[in-house]
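Structure assessment
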Amino acid sequence: MPDNAEAVAEQVFAALADPTRRAILAALASGGPATATDLAVDLPITRQAIAKHLALLAEAGLVRAEPGERRRVRYRLRSAPMQVAQQFLAALARDWDSALGALTDHLDRGAQGPPGRPARRAAEPHPANPGTPSDHGGDDEG
């Protein structure tokens with residue numbers, strides 16, 4: 001698993017992009033640690049396909065392989081990479097919230113007009129071309 005948060009988030013998002021891997025994670029979340037054979041009972045793919053998906057999930061750090069009884073490998077969820085991805089998304093959301101808030105403020109100020117002047121009115125159709133607003137807000141004489 002990479003050291004920097006953006007790389008960790010990228011691996012998490014790549015792993016979560018596949019519906020089968022999301023189903024495997026959901027099964028591990030609800031049922032606890034399991035082997036590929038255990039997971040194959042409830043999923044519509046082979047144990048070998050599940051093992052390949054588990055290897056990708058382990059590479060992303062989302063699951064950890066643990067030796068079990070009789071040399072069977074059990075997979076357990078790891079929450080740390082998911083938390084890194086959540087923090088990455090939260091930071092992105094904050095950036096968007098700030099930018100969208102500034103845009104809203106700007107648009108609100110523009111609709112009200114500068115202090116001491118009346119608010120702008122919607123453009124009226126230009127007399128020469130009724131479907132086009134005039135450049136002067138309808139104040140033309142012809």
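Here goes a summary of the coordinates provided. Being a predicted model, the structure only gives us computed values, none of them experimental. (Residues numbered from 1 in each chain as written. Predicted model: local features only at pLDDT ≥ 70, side-chain atom pairs only at ≥ 80, totals over all residues. Heavy atoms only, no water.)

Points about the overall build of the chain
Summing up its helical and strand segments, the chain has 5 helices and 4 strands in all. Scanning the chain from its N terminus toward the C terminus, one meets helices and strands in the order α-α-α-α-β-β-α-β-β. When the 142 residues of the chain are sorted by exposure, 20% land in the buried category. Put simply, the chain shows about 9900 Å² of open surface, and 54% of that area lies on carbon and sulfur atoms. (Helix = DSSP H or I, 4+ residues; strand = E, 2+ residues; numbered from the N terminus. Buried < 20%, exposed > 50% of the residue type's maximum accessible area, 1.4 Å probe, protein only. Areas by Shrake-Rupley, 256 points an atom, 1.4 Å probe, with all protein chains shown as cover.)

Quick look at the packing of aromatic side chains
What the rule picks out here adds up to 1 aromatic pair. Their ring planes at 55° and their centres at 6.1 Å tell us that Phe13 and Phe88 sit as a pair that is tilted. Separated by 75 residues along the polypeptide, Phe13 in helix H1 (residues 5-16) and Phe88 in helix H5 (residues 80-112) bring together distant segments of the chain. Residue classification places Phe13 among the partly exposed positions, given a relative accessible area of 30%. (Phe/Tyr/Trp six-rings, centres within 6.5 Å; stacked < 30°, edge-to-face > 60°.)

Things to note about the nonpolar core
Residues Ile24, Leu28, Leu39, Ile50, Leu54, Leu57 and Leu62 are the most contacted members of the largest nonpolar core, which totals 19 residues. Of all the secondary-structure elements, those providing two or more residues to this core are H1, helix H2 (19-31), helix H3 (36-42) and helix H4 (47-59). Here this core gets 4 residues from one element, more than from any other, and that element is H1. Excluding residues that lie within four positions of it along the chain, Leu39 makes contacts with Ile24, Ala27, Leu28, Ala34, Ile50 and Leu54. (Core = buried A, V, L, I, M, F, W, Y, C linked by side-chain atoms within 4.5 Å. Contact = heavy atoms within 4.5 Å.)

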